[in-house]
Amino acid sequence: MRAAVFSTKNYDRQFLEPAAAAAGHQLTFFEPRLMPQTAVLAAGFPAVCSFVNDVLSADVVAELARGGTRYVALRCAGYNQVDLAACARHGLRVARVPAYSPHAVAEHTVGLMLALNRKYHKAYNRVREGNFSIDGLLGFDMHGKTAGVIGTGKIGTEVARILAGFGCRVLLYDVAENPACRALGTYVPLDTLYAESDMITLHCPLTRATHHVIDQAAIARMKPGVMLINTSRGALLDTPAAIDGLKSGHIRYLGLDVYEEEAELFFEDRSDEVIQDDVFMRLATFPNVLITSHQAFFTETALREIARTTMANLTAFERGEPLETELGAAAG
Ligand code: NAD
């Protein structure tokens, strides 16, 4: 099947090209993000392949349908960026990659915790500059601390497993308990998790119910000095509320791999630009905030698996087969 691939980087091509050749699909790579201004590029392609910050809003979906596109293969797990009702109206089938490597995201999550706690990023720069002082690098033992995991699906479970291995007391919260996670910690009400956790990490999807789930009120219920980590979706966190929490000291550490307005920033080299997002720039000034540019998924294992599943989705579309990875209009 011919597919228009949006938001292409070299690393995408490196993994998608061999997978497409093996599966007999023809990919055309476009660097721009999919959005209203670029949707016309997909005209004549039966399928599009999009990533996390590609926009599949109602107007984009209508444009894709006008151009003859019938299939959308998301090369990511999250699908909050897709108007599934619009896809259903226009008869577009949408599939995603529900699990490519929960380990990749879980390991990056714990990496952020360790880096914030032990200040590796500062130590690295100091030693390079011949500054061997350890003053200011004081951390804490994670062993014996309480870690709260919100969202105990595939990634949350792996995070809980690693933290349990560190000797943390793990508190879990989810709207639906996961039996695979029960042995790793204790399910508690959200308020208990907020009140007792020294570290809180978010692994629930972005939905209407979870939009800004961490707001001023939620932060106020957390333990003073809490470490907060978000590697899930930016809009789970009300960023100005987090900035207030950092300024007051209520949040002692903040680790982010995602940001609500990341689509305008992440995945590009903007080091020569004047960044216009004042909220992001304020965040970046805190010494106790560590931000990565949506790279938690970014391992060889994950990219290989994303390419494999995406090609399998295109093959099933082509053959008119049902798909476990398909999203219905009711999802989300
Ligand atoms: P999953 O579907 O396996 O698990 C999500 C869990 O969240 C489920 O157990 C679900 O019941 C729970 N949940 C739903 N609503 C909730 C709520 N209101 N409160 C608490 N829990 C709730 O998904 P996953 O594979 O573990 O991925 C989790 C999220 O991680 C994805 O939605 C995606 O946004 C994000 N993600 C980020 C990256 C990255 O590179 N940073 C990569 C992959 C996924």
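Rules of the game
Residues numbered from 1 in each chain as written. Predicted model: local features only at pLDDT ≥ 70, side-chain atom pairs only at ≥ 80, totals over all residues. Heavy atoms only, no water. Domains from an automatic or database assignment. Contact = heavy atoms within 4.5 Å. Buried area = accessible area lost by both parts, 1.4 Å probe. Salt bridge = Lys/Arg side-chain N within 4 Å of Asp/Glu carboxyl O. Polar contact = N/O pair within 3.5 Å; in protein donor to acceptor, adjacent residues only side chain to side chain. Near = heavy atom within 4 Å. Areas by Shrake-Rupley, 256 points an atom, 1.4 Å probe, with all protein chains shown as cover. Nonpolar A, V, L, I, M, F, W, Y, C, P; charged D, E, K, R; others polar. Buried < 20%, exposed > 50% of the residue type's maximum accessible area, 1.4 Å probe, protein only. Helix = DSSP H or I, 4+ residues; strand = E, 2+ residues; numbered from the N terminus. Pairing = 2+ DSSP bridges. Right-handed = clockwise from strand over helix to strand, strands pointing away. Axes fitted to C-alpha atoms, helices over the stretch in contact; angles between N-to-C directions. Parallel < 35°, antiparallel > 145°, perpendicular 65-115°, else oblique. Left-handed = near helix turned anticlockwise from the far one by under 90°.

A.B. asks: Would you explain the domain arrangement of the protein in this entry?
C.D. replies: Often the size quoted for an interface is simply the accessible area lost on bringing the parts together. Assigned domains of the protein: these are domain 1 (2-100 + 299-331) and domain 2 (102-291). Taken together, the contact pairs 13 residues of domain 1 with 10 residues of domain 2. The largest contributions to the domain 1 side of the interface with domain 2 come from Lys9, Asn53 and Asn80, which together make up 43% of the buried area. Counting across the domain 1 and domain 2 interface gives 2 salt bridges. Residue Glu264 is joined to Arg33 by a salt bridge in which the shortest nitrogen-to-oxygen separation is 3.3 Å. Joining domain 1 to domain 2, the criterion identifies 5 residue pairs in polar contact (both at pLDDT 80 or more).

A.B. asks: Got a minute to help me understand the site of the ligand in this structure?
C.D. replies: In the vicinity of the ligand lie 21 residues, with Tyr100, Lys154, Ile155, Asp174 and Thr231 positioned nearest. Lys154 places a side-chain nitrogen or oxygen 2.8 Å from an oxygen atom of the ligand. For the ligand, an oxygen atom lies 3.1 Å from a polar atom in the backbone of Phe297. Isolated, the ligand exposes 860 Å² of accessible area, and the fraction of that covered by the protein chains is 84%. Class assignment for the residues of the shell around the ligand results in 9 nonpolar, 8 polar and 4 charged.

A.B. asks: Would you explain the pairing of strand S9 (residues 199-202) in this entry?
C.D. replies: Where a strand is regular, its side chains alternate between the two sheet faces. Side chains Met199 and Thr201 of S9 all project onto a buried face; the interleaved residues Ile200 and Leu202 project onto the opposite face, where all are buried too. Summarising the sheet, strand S6 (residues 146-150) and S9 pair through 4 bridges and their orientation is parallel. Among the inter-strand pairings, Ile150 is bridged to a residue of S9, identified as Leu202. One crossover worth recording links S9 to the parallel strand S10 (residues 226-230) by way of helix H9 (residues 216-221), and it is right-handed.

A.B. asks: Please clarify how the packing of helix H10 (residues 239-248) against helix H11 (residues 278-285) should be interpreted in this entry.
C.D. replies: Between two packed helices, both the angle of their axes relative to each other and the distance between the axes serve to describe the pair. Where H10 contacts H11, the axes come no closer than 10 Å and their chain directions differ by 30 degrees. In terms of orientation, H10 and H11 fall into the roughly parallel class. As for the relative orientation of H10 and H11, their crossing is left-handed in sense. Seen from H10, the contacting residues are Thr239, Ile243, Leu246 and Lys247; seen from H11, they are Val279, Arg282 and Leu283. The class makeup of the residues in the contact of H10 with H11 is 4 nonpolar, 1 polar and 2 charged.

A.B. asks: What is the right way to look at the pairing of strand S4 (residues 71-74) in this model?
C.D. replies: Side chains of S4 alternate between two faces, with Tyr71 and Ala73 and Val72 and Leu74 buried alike. Pairing of strand S3 (residues 47-50) with S4 involves 4 bridges; the strand directions are parallel. By the bridge assignment for S4, Ala47 is matched with Tyr71. Read from S3 through helix H2 (residues 58-66) to S4, the crossover connection turns out right-handed.

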